[in-house]
Amino acid sequence: MDYTQLAEKLVKFLDLKYEPVAVKVVKKGEPMPKGYQEPEKNLRHCQSIMKARKGESFIMPADKHACVVGASSLGIIPTPEKVASGEFHHNLGMFDSVEAAAGMIAKRPAFEPESRLATVVGPLKDAKVEPDVVILVDRPETVYWIIPASTYHKGGRVNFSSAAFQATCADTTILPSLTGEINVSLGCFGCRKATDIENDEMLIGIPFNKLEEIVNALEKLYEGPLPKARQK
């Protein structure tokens, strides 16, 4: 199944408001993907995701990342001392102490420092390189259906991990890449402050190697329980 087919099926089955977003984090030693332009202005990772859901595509090396918190967790730059120490996030008023803020950073999912070169972000239907993850930004009811689709064959439960910060980088790009499992985020202070994400929208990151299986399960749900749940 090609990227366009996967994207079209996701949009159809879930009635998505926006395009599914393909994200690749280029490792050192990998060739830089061709066919992508750098953004005119520096962007945060979250801003690139929100633009991609509306049709834009980018390649963003280190000097195009506007957020040092996101870029450092993505392994593109070293973690600044003020971020690692907790000073940066404590100064935002989101933690009672520097130690509490530092504890969040110490536990965040992250790639090895300076192990990555760039992020490649765009609509899945336009992807020119295999993504690591696919991110959906949509309503909670829409995002919900990825959960039964992911447990359609094996059952069980789904565990989520999140924090007050780094919804698009740590929660829905890095964690699904590292664990191979979906992860949900309610959003974060940074993306809600710096992007056009709506108050009633959230995010889910899907490892690309699980996407086709999930889409096939969604098709089964679309033929049965999904429309029944929506017809109320």
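Residues numbered from 1 in each chain as written. Predicted model: local features only at pLDDT ≥ 70, side-chain atom pairs only at ≥ 80, totals over all residues. Heavy atoms only, no water.

Draft legend 1. Spatial organisation of the overall build of the protein. A count of helices and strands for the protein gives twelve helices and six strands. In summary, the protein has a C-alpha radius of gyration of 17 Å against a globular reference of 17 Å for 232 residues, a match within 12%. Here the protein holds 232 residues, and 51% of them are scored as buried. Taking all contacts inside the protein whose residues are at least 6 apart in sequence as the whole, residues at least 24 apart take part in 73%. For the protein, the exposed surface amounts to about 11,300 Å²; the carbon and sulfur share of it is 49%. When the 29 positive and 30 negative side-chain charges of the protein are each reduced to one mean point, those points stand 2 Å apart. (Helix = DSSP H or I, 4+ residues; strand = E, 2+ residues; numbered from the N terminus. Rg over C-alpha atoms; globule rule 2.2 N^0.38 Å. Buried < 20%, exposed > 50% of the residue type's maximum accessible area, 1.4 Å probe, protein only. Contact = heavy atoms within 4.5 Å. Areas by Shrake-Rupley, 256 points an atom, 1.4 Å probe, with all protein chains shown as cover. Lys, Arg positive; Asp, Glu negative; His and termini not counted. Charge placed at Lys NZ, Arg CZ, Asp CG, Glu CD.)

Draft legend 2. Molecular detail of the nonpolar core. With 35 residues, the main nonpolar core has L10, L14, L124, L136, I146, L211 and L218 as its most contacted residues. Contributions of two or more residues to this core are made by α1 (3–14), β1 (21–27), β3 (116–123), β4 (133–138), α8 (146–150), β6 (202–207) and α11 (208–222). Per element, the largest residue contribution to this core is seven residues, and it comes from α11. Apart from residues lying up to four places away in sequence, L136 is in contact with L14, L16, P20, I146, M202, L203, I204 and I206. Residues C46, I49, M50 and A167 belong to the second largest nonpolar core, which totals 15 residues. (Core = buried A, V, L, I, M, F, W, Y, C linked by side-chain atoms within 4.5 Å.)

Draft legend 3. Expanded view of the state of the cysteines. All told, the structure shown has zero disulfides when counted by the stated rule. The closest cysteine sulfur to the non-disulfide-bonded C46 is located on C191, 5.8 Å from its own sulfur. (Disulfide = S-S within 2.5 Å.)

Draft legend 4. Fine view of the environment of V215. Following the sequence through the fold, V215 ends up in helix α11. For V215, a relative accessible area of 0% corresponds to the buried category. Each C-alpha atom of the pair V215 and Q5 lies 10.0 Å from the other, and the pair is 210 residues apart in sequence.

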